[in-house]
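# Working through the structure, step by step
Chain residues, written in single-letter form:
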Amino acid sequence: MPSFVGHFTSPLATRIARVLPPRLLVAGLVASMLPDLDTIGALFGVERDTLFAHRGITHSFAFALVVAGIAMLGSNWLQVSRPRAGLFVLACALSHPLLDLLTNGGPGVMIGWPLSDARVFAPWRPIEVSPLGVGFFSARGLTVVASELVWIVTPSLLIAFAARRRATQ
Ligand SMILES: [Zn+2]
């Protein structure tokens, strides 16, 4: 996976481009990291490359749709319309496996589940894979953040500021 820096970029860049209710932003931040809850499976003996292992079903388009559906049900609390809650949270939840597809390590991403159990990567994988847990706070972690600044943060900020500028003109 990219680190939390990379995964938080999508909701935060959207916040730069558009005004978002704080609760919706928090929902987007949670949705952008939610797929990696599957990392706790290793603590409970979940075997690698199974449905519930890392980058399994929580990294699927179907899972992102379920998360978006929950956001739609909570749209009143999120202080936005149902479509806006669903679309924003869907984009944030889906950004996670899409970014994971672009990493150069870790298991493949089960993005097509339940239609396919295949674990896949994008043909082009420029993003350094992040070490899990405390391993992030190491020299390797700095390499990961540098990679994410180049491939995720900088392009996202450029797009966000351009969109914001366009919206205010
Ligand atoms: Zn992930």
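This structure is a prediction, so every number in the text was calculated from the model and none was measured.

Cut-offs used in this document
Residues numbered from 1 in each chain as written. Predicted model: local features only at pLDDT ≥ 70, side-chain atom pairs only at ≥ 80, totals over all residues. Axes fitted to C-alpha atoms, helices over the stretch in contact; angles between N-to-C directions. Helix = DSSP H or I, 4+ residues; strand = E, 2+ residues; numbered from the N terminus. Parallel < 35°, antiparallel > 145°, perpendicular 65-115°, else oblique. Left-handed = near helix turned anticlockwise from the far one by under 90°. Contact = placed C-beta atoms within 7 Å. Nonpolar A, V, L, I, M, F, W, Y, C, P; charged D, E, K, R; others polar.

### Quick look at the packing of helix 1 (residues 4-17) against helix 2 (residues 22-33)
It is at 9 Å that the axes of helix 1 and helix 2 come closest, and there the two elements cross at 150°. Taken together, the axes of helix 1 and helix 2 lie roughly antiparallel to each other. Considering how the two elements wind past one another, helix 1 and helix 2 form a crossing that is right-handed. Note on element contacts: helix 2 touches helix 1 through L25, G28, L29, S32 and M33, opposite F4, H7, F8, S10, P11, T14 and R15. Along the lines of polarity and charge, the residues of the contact of helix 1 with helix 2 split into six nonpolar, five polar and one charged.

### Describing unusual backbone geometry
Note the cis peptide between W113 and P114, where omega equals 10°. If you trace the backbone, P114 turns up in the loop between helix 5 (82-101) and helix 6 (139-168). One non-glycine residue, D49, lies in positive phi territory at about 65°. Structurally, the position occupied by D49 is in the loop between helix 2 and helix 3 (61-73). Even without a glycine there, the phi angle at Q79 is positive, about 65°. Looking at the element boundaries, Q79 is found in the loop between helix 4 (75-78) and helix 5.

### Points about the packing of helix 1 against helix 6
Where helix 1 meets helix 6, the axes come as close as 8 Å, and the angle between the chain directions of the two elements is 10°. Taken together, the axes of helix 1 and helix 6 lie roughly parallel to each other. You can see that helix 1 and helix 6 cross each other, and the crossing is right-handed. Every residue of helix 6 that contacts helix 1 at V5, G6, T9, S10, A13, I16 and A17 is listed here: V145, E148, I152, V153, S156, L157, I159, A160, F161, A163 and R164. A breakdown of the residues in the contact of helix 1 with helix 6 according to their chemical character gives 12 nonpolar, four polar and two charged.

So, to be careful, I would describe these as geometric facts and stop short of saying anything about function.
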